[in-house]
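Structure assessment
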Amino acid sequence: DIDLKNNVINVNKTMAYYQKKSCKYNFHVTTPKTKASIRQIPINAICWDAIKNQIERNKNLPDAQIKNYNNLLFPSKSNAPLSQPSFSYHIKKIIKAINADREKKGMQLLPNFNSHTFRHTFATRCFEVGIQPKTVQDYLGHSSIQMTLDIYTEVLIEEKFEDIKKLECID
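Every value quoted in this text rests on a predicted model; they were computed, and no experiment measured them. (Residues numbered from 1 in each chain as written. Predicted model: local features only at pLDDT ≥ 70, side-chain atom pairs only at ≥ 80, totals over all residues. Heavy atoms only, no water.)

Turning our attention to the pattern of salt bridges. Per the counting criterion, the structure on display carries 5 salt bridges. Salt-bridge contacts for E56 lead to K59; the nearest nitrogen and oxygen are separated by 2.8 Å. A relative accessible area of 44% means that E56 is categorised as partly exposed. Look at K59 and you get exposed, because its relative accessible area is 58%. (Salt bridge = Lys/Arg side-chain N within 4 Å of Asp/Glu carboxyl O. Buried < 20%, exposed > 50% of the residue type's maximum accessible area, 1.4 Å probe, protein only.)

Two elements in contact, helix α3 (residues 117–128) and helix α4 (residues 133–140), have axes whose closest approach is 10 Å; the angle formed by their N-to-C orientations is 160°. With respect to α4, the element α3 is oriented roughly antiparallel. Handedness of the α3/α4 crossing: right-handed. When α3 is examined against α4, the residues R119, F122, A123, C126 and F127 are found in contact with a partner set consisting of P133, V136, Y139 and L140. (Axes fitted to C-alpha atoms, helices over the stretch in contact; angles between N-to-C directions. Helix = DSSP H or I, 4+ residues; strand = E, 2+ residues; numbered from the N terminus. Parallel < 35°, antiparallel > 145°, perpendicular 65-115°, else oblique. Left-handed = near helix turned anticlockwise from the far one by under 90°. Contact = heavy atoms within 4.5 Å.)

Counting residues in hydrophobic clusters, the biggest one holds 8 residues: V11, I41, A123, C126, V136, Y139, L140 and Y152. The set of elements that each furnish at least two residues to this core consists of α3 and α4. Counting residues per element, this core draws most heavily on α4, at 3 residues. What Y152 contacts, discounting residues up to four positions off in sequence, is H116, R119, H120, A123, T124, L140, H142 and M147. (Core = buried A, V, L, I, M, F, W, Y, C linked by side-chain atoms within 4.5 Å.)

Moving on: the pairing of strand β4 (residues 25–30). Here 6 bridges tie strand β3 (residues 14–19) to β4, and the two strands are oriented antiparallel to one another. Opposite Y18, over in β4, you have N26 as the bridge partner. Hairpin connection of β3 to β4: 5 residues between the antiparallel strands, including K21 at a positive phi of 60°. (Pairing = 2+ DSSP bridges.)

On to the environment of V129, then. Inspection of the secondary structure puts V129 in the loop between α3 and α4. Using a relative accessible area of 66% as the deciding quantity, one classes V129 as exposed. Expressed as a C-alpha distance, the spacing of V129 and M147, which sit 18 residues apart in the sequence, is 20 Å.

Right, let's talk about the pairing of strand β5 (residues 39–42) for a bit. Across the two faces of β5 the burial differs, with R39 and I41 buried and Q40 and P42 not buried at all. Bridge count for strand β2 (residues 8–11) against β5 is 4 bridges, and the pairing is antiparallel. Within β5, the position partnered with I9 by the bridge is I41.

Rendered as structure tokens:
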């Protein structure tokens, strides 16, 4: 739910792909787990450009009539929602391609990771640039600041050295 006029992403629903009573997997749209999960995330210039580029790419997709799923930002090739298994497959495929190139250059290989790693990276980068913990908590939709601080951040050794130098400026 992207509001391009007001530059915000409205997180007000979730989509999961699972079996329900029948043997067939389907997409299910529900409300987020907690009240804190319902939130607005501002769109910065980098995100704005990526969204515009993706909207342009989507214009080349076939016009599929997918019941209840209109205007997906990241649809599959058939204009349907992407399932978690499909998303994980594509992450692994990208890592494999990057690692093939890195191996040729004698570089360190990337480890495998899952989609949740992007949340960890986002939170850590927010803290690195000085975004306040309560703001990051809101971005991630956590009801507890403790969860944000304990689970989604990592202190980098470079940060520790830079922070300790701040004490040298005290009179």
